[in-house]
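Analysis of the macromolecular model
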Amino acid sequence: MPISEHHQTGLRDLLVNKSNTPVLIQLAKSTTKNVCKTEDSEEALGLLTAHIQDTYILLSKRAITRELLFTYLQTRLPGVATDFTKADLVTKVIQYWDGLSGKGQVAITSTVSEEDYPIHAIARKFGEWFFERFNKDSLSLVDLWTDAALHLTIVASDGINELDCASAAEVLSALTSTKNQFGFLFNPNLTHDGIQGRMDAYGQVVVLSCGTLHTADSCVGVFECAFGLLRDPYSDNNWKPKRVKCLLKSALQPPELHCLCSSETLQTDLALPVHSDKLD
């Protein structure tokens with residue numbers, strides 16, 4: 001079935017512009033196995049929609065990246081919620097185009113409050129609590145499960161160092177000594193773009209968090225963390241980290257705000273299910 005007229009209009013809006021026309025030309029060439037030699041955007045779009053007659057399949061092509069789709073959505077629908085997987089971004093874009101044609105408007109607007117899901121609220125509350133205590137050197141052993149595990153990766157100009165720990169004492173020591181060694185202050189991105197919750201196959205709430213690293217003088221890099229949380233019935237049923245994965249990466253020109261969509265180590269975790277129900 002040919003791509004509908006309003007989807008073609010949407011594709012034109014997405015791809016026929018200064019930033020994304022090179023992507024459109026590349027797609028047309030790869031789809032026609034380099035038979036297409038055109039540099040004209042409208043001709044390229046016509047060839048593309050003639051050979052790929054499914055909007056979802058077209059938007060799922062590798063050349064159309066998650067970053068491209070996310071930027072487009074944030075421009076057209078500021079604040080729309082997404083779990084940052086490519087499949088979800090493709091779906092949201094199609095819903096937006098359907099809404100413009102008078103179809104599916106309810107579906108797209110009903111997702112705007114996703115950031116208020118309980119699992120994301122838990123993630124934000126935990127992230128604010130954890131990094132505030134961490135920056136103040138106030139974390140203690142009782143804040144972690146006794147068998148907590150850590151995988152820490154430090155990427156600097158002189159190489160990559162990795163460390164694994166398998167007890168609360170080792171985890172706390174490794175995190176604290178690393179922070180103090182480099183004089184880091186962790187500045188988490190506590191917006192929905194920078195911290196979210198997921199649920200893994202073992203029932204752990206997974207908090208995905210990223211942000212920037214600072215010293216006394218300047219911003220020096222970024223960090224990405226995944227915390228696997230379980231409730232502790234012997235500690236007022238509070239959520240406590242069972243496992244921690246952490247990347248610290250130096251950068252000459254770090255971003256002002258590091259976001260999950262551009263993370264290097266959290267993409268697999270971002271693909272985990274997003275639970276909308278209240279967590280018991």
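Bear in mind the structure is a predicted one, so any value in this text is a computation, not a measurement. (Residues numbered from 1 in each chain as written. Predicted model: local features only at pLDDT ≥ 70, side-chain atom pairs only at ≥ 80, totals over all residues. Heavy atoms only, no water.)

1. Quick look at the state of the cysteines
- Inspection of every chain in the model, using the stated rule, returns 0 disulfides.
- Take C261: it sits in no disulfide, and the sulfur closest to it among the cysteines is that of C259, at 5.1 Å.
- C261 gets classed as buried once you look at its relative accessible area, which sits at 9%. (Disulfide = S-S within 2.5 Å. Buried < 20%, exposed > 50% of the residue type's maximum accessible area, 1.4 Å probe, protein only.)

2. Description of the packing of aromatic side chains
- Under the defined criterion, the tally for this structure stands at 16 aromatic pairs.
- Relative to W129, the ring of F126 has its centre 5.8 Å away and its plane inclined at 45°; by these criteria the two rings are tilted. In this pair, F126 and W129 are both assigned in helix α8 (residues 118–135), 3 residues apart and thus about one turn of the helix distant.
- What makes W129 partly exposed here is its relative accessible area of 31%.
- Consider the rings of F182 and F184, whose centres lie 5.2 Å apart with planes at 15°: the pair is stacked.
- Judged by relative accessible area, F182 falls into the partly exposed class, the value being 36%.
- Chaining the aromatic ring pairs together yields one cluster made of F126, W129, F130, F131, F134, F182, F184, F186, F223 and F227.
- Sitting over the ring of F134, K179 keeps its end group 5.7 Å from the ring centre. (Phe/Tyr/Trp six-rings, centres within 6.5 Å; stacked < 30°, edge-to-face > 60°. Helix = DSSP H or I, 4+ residues; strand = E, 2+ residues; numbered from the N terminus. Lys NZ or Arg CZ within 6 Å of the ring centre and 35° of its normal.)

3. Quick look at the side chain of T49
- In this fold, T49 is placed in helix α3 (residues 41–51).
- Relative accessible area serves as the criterion here: at 11%, T49 is assigned to the buried category.
- A polar contact is formed between the side chain of T49 and the backbone oxygen of G46, at a distance of 3.3 Å.
- Residue contacts for T49: discarding those within four places in its chain leaves I3, Q8, L11 and L58. (Polar contact = N/O pair within 3.5 Å; in protein donor to acceptor, adjacent residues only side chain to side chain. Contact = heavy atoms within 4.5 Å.)

4. Notes on the pairing of strand β4 (residues 195–199)
- Of all the 5 residues making up β4, 5 are buried; the element is thus mostly covered by neighbouring parts of the structure.
- Here β4 shows two buried faces, one formed by I195, G197 and M199 and the other by Q196 and R198.
- Examined bridge by bridge, β4 and strand β5 (residues 205–214) share 5 bridges and lie antiparallel to one another. Across the sheet, Q196 pairs through a bridge with L208, a residue of β5.
- Linking two consecutive strands that pair antiparallel, namely β4 and β5, is a turn of 5 residues; a positive phi of about 85° is found at G203 within it. (Pairing = 2+ DSSP bridges.)

5. A few points about the side chain of D88
- In this fold, D88 is placed in helix α6 (residues 86–100).
- Once you skip the residues sitting within four places of it in the chain, D88 turns out to touch A81, T82 and D83.

6. Let's talk about the nonpolar core
- One finds L11, L14, L59, I64, L69 and W97 to be the most contacted residues of the largest nonpolar core, which totals 39 residues.
- Taken together, the elements giving at least two residues each to this core come down to α1 (5–15), α2 (21–31), α3, α4 (55–59), α5 (66–76), α6 and β5.
- Once you skip the residues sitting within four places of it in the chain, L14 turns out to touch N20, L59, L68, L69, Y72 and W97.
- Core analysis: the second largest hydrophobic core is formed by 35 residues, F130, I154, V171 and C225 among them. (Core = buried A, V, L, I, M, F, W, Y, C linked by side-chain atoms within 4.5 Å.)

7. Comments concerning the packing of α1 against α6
- Where α1 contacts α6, the two axes come as close as 9 Å, and the packing angle between them is 120°. As judged from the angle between their axes, α1 and α6 are oblique. Here α1 runs over α6; the crossing is right-handed. Across from H6, H7, G10, L11 and L14 in α1, the residues of α6 making contact are I94, W97 and D98. (Axes fitted to C-alpha atoms, helices over the stretch in contact; angles between N-to-C directions. Parallel < 35°, antiparallel > 145°, perpendicular 65-115°, else oblique. Left-handed = near helix turned anticlockwise from the far one by under 90°.)

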